[in-house]
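Here's the letter readout for the chains.
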Amino acid sequence: GKLWTDGVVITTKKLVRDIIDKPQKNVNLTFEGDLAETFIPLGSMHADQRLGMEDITSEDLVMLCVDVLQNMLLDLYKAGKNVTFNGLWGNHDRFTEKKEFDPFRTPAMIVYRFLQKMVEDTTIKVNILRDKANIIYSDGVKYVHLHGDSFSEAELKRRALNDIEDGIMLVYITADRHHSKTLELSDRIFWVQVGSFAGQWQFDKSLWMKSN
């Protein structure tokens, strides 16, 4: 059900302008989601998404992703920001577990590898997050980025018993097709759920995706 990519490209440019206008110097960007799943036309997962896109070949789509992300990182860097980019690869938790999913991971991995090479001469950091639970520490906060889109408050509270550390805030970050929300699960423990980056009906007409 994927259509045209202009909405995502335009939104990315707006995001960059907003970040540049902020006084903060340290910028941590983490891409949650399914960068890889639409690249493989004959793949076993969501093949219709790739086939339903505009008339663009897979290699052009890979390079479009590279160009958009590279321009984003370099624009922020040239504006004097200290930039860290974290790429979460694959589709939910399925692509993190089994070796046979490697062909489905490969296009997204190529994008992230391109980015790593292109910014080697800068201070930009490009990390590839490979695990089901990826932990990032920043400014006294422990961020736990979780693959998957079906978490409950009770489940995260149970997990927090092992993840919580003295003196720092714990934030769980998950992705969702439709909804964005922030919940305080308990003292110093939060859950941030991020919605789709694409605008509703602008990019997708089958999954009812939207950005909040």
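A brief look at the structure comes next.

Calculation criteria
- Residues numbered from 1 in each chain as written.
- Predicted model: local features only at pLDDT ≥ 70, side-chain atom pairs only at ≥ 80, totals over all residues.
- Heavy atoms only, no water.
- Helix = DSSP H or I, 4+ residues; strand = E, 2+ residues; numbered from the N terminus.
- Expected span 1.5 Å × (residues − 1).
- Buried < 20%, exposed > 50% of the residue type's maximum accessible area, 1.4 Å probe, protein only.
- Axes fitted to C-alpha atoms, helices over the stretch in contact; angles between N-to-C directions.
- Parallel < 35°, antiparallel > 145°, perpendicular 65-115°, else oblique.
- Contact = heavy atoms within 4.5 Å.
- Nonpolar A, V, L, I, M, F, W, Y, C, P; charged D, E, K, R; others polar.
- Salt bridge = Lys/Arg side-chain N within 4 Å of Asp/Glu carboxyl O.
- Core = buried A, V, L, I, M, F, W, Y, C linked by side-chain atoms within 4.5 Å.
- Pairing = 2+ DSSP bridges.
- Phe/Tyr/Trp six-rings, centres within 6.5 Å; stacked < 30°, edge-to-face > 60°.

## Re helix α3 (residues 58-78)
Over its 21 residues, α3 runs 30 Å from end to end, which matches the ideal 30 Å to within 8%, given 1.5 Å per residue. Of all the residues in α3, the buried ones are L61, V62, C65, V66, V68, L69, Q70, M72, L73, L74 and L76.

## Observations concerning the packing of helix α1 (residues 6-21) against α3
A pair of packed helices is characterised by two quantities: the angle between their axes and the separation of those axes. With their axes 10 Å apart at the nearest point, α1 and α3 run at an angle of 10° to one another. Taken as axis vectors, α1 and α3 run roughly parallel relative to one another. Of α3, the residues touching α1 (which contributes V9, T12, V16, I19 and I20) are V68, M72, D75 and L76. Counted by class, the contact of α1 with α3 contains 7 nonpolar, 1 polar and 1 charged residues.

## Quick word on the pattern of salt bridges
Across all of its chains, the model carries 4 salt bridges by this definition. Residue K117 pairs with E120 through a salt bridge whose shortest N-O separation is 3.4 Å. Of the two residues, K117 and E120, neither departs from the other in class, the shared state being exposed. For the salt bridge of E165 with K142, the shortest nitrogen-to-oxygen distance reads 3.0 Å. Remark: K142 occurs in strand β5 (residues 141-146) and E165 occurs in the loop between α5 (153-163) and β6 (169-175); sequence separation between them is 23 residues. In this structure E165 comes out as partly exposed when scored by relative accessible area, which is 30%.

## Details of the nonpolar core
Counting 22 residues, the largest nonpolar core has L29, M72, L73, L76 and F85 as its most contacted members. Looking at this core, the elements with two or more residues in it are α1, β1 (26-31), α3, β2 (82-88), α4 (102-118) and β3 (125-129). The leading source of residues in this core is α3, at 8 residues. Not counting the four nearest positions on each side in its chain, M72 is found in contact with T12, V16, L29, F31 and F85. Among the nonpolar cores identified, the runner-up in size contains 9 residues, and L146, A160, L185 and W191 belong to it.

## Digging into α1
With 16 residues, α1 extends 23 Å from end C-alpha to end C-alpha; this agrees with the ideal 22 Å at 1.5 Å per step. For α1, the complete set of buried residues consists of G7, V9, T12, V16 and I19. Looking at the buried positions of α1, the neighbouring elements they touch are β1 and α3.

## Section: the sheet that holds β1
The strand order β1-β2-β3 describes an open sheet built from 3 strands, whose pairing is parallel. Of all strands in the sheet, those bounded by a partner on one side alone are β1 and β3. Going across the sheet, the axis of each strand differs from the next one's by a mean of 15°, ignoring polarity. The pairing of β1 with β2 spans 6 bridges and is parallel.

## Let's talk about the environment of A160
Residue placement: A160 occurs in helix α5. Sequence-wise, A160 and F190 are 30 residues apart; in three dimensions their C-alpha atoms are separated by 9.8 Å. In contact with A160, other than residues within four places in its own chain, are L170, Y172 and I189.

## Things to note about the packing of aromatic side chains
Each pair of aromatic rings is reported with the distance of its centres and the angle of its planes. Scanning the entire structure with this criterion turns up 2 aromatic pairs. Seen in terms of ring centroids, F31 and F85 are 5.1 Å apart; in terms of plane orientation they differ by 50°. Their pairing is tilted. A residue pair is termed long-range when its members are at least 10 positions apart, and F31 in strand β1 and F85 in strand β2 qualify at 54 residues. Among the residues examined, F31 registers a relative accessible area of 25% and is labelled partly exposed. For F85, a relative accessible area of 0% gives the class buried. Residues F85 and Y112 carry aromatic rings whose centres are separated by 6.0 Å and whose planes lie at 55° to one another, so their mutual orientation is tilted. Separated by 27 residues along the polypeptide, F85 in strand β2 and Y112 in helix α4 bring together distant segments of the chain. Overall, Y112 belongs to the buried group, its relative accessible area being 1%. Here the aromatic residues F31, F85 and Y112 are joined through ring pairs into a cluster of three or more.

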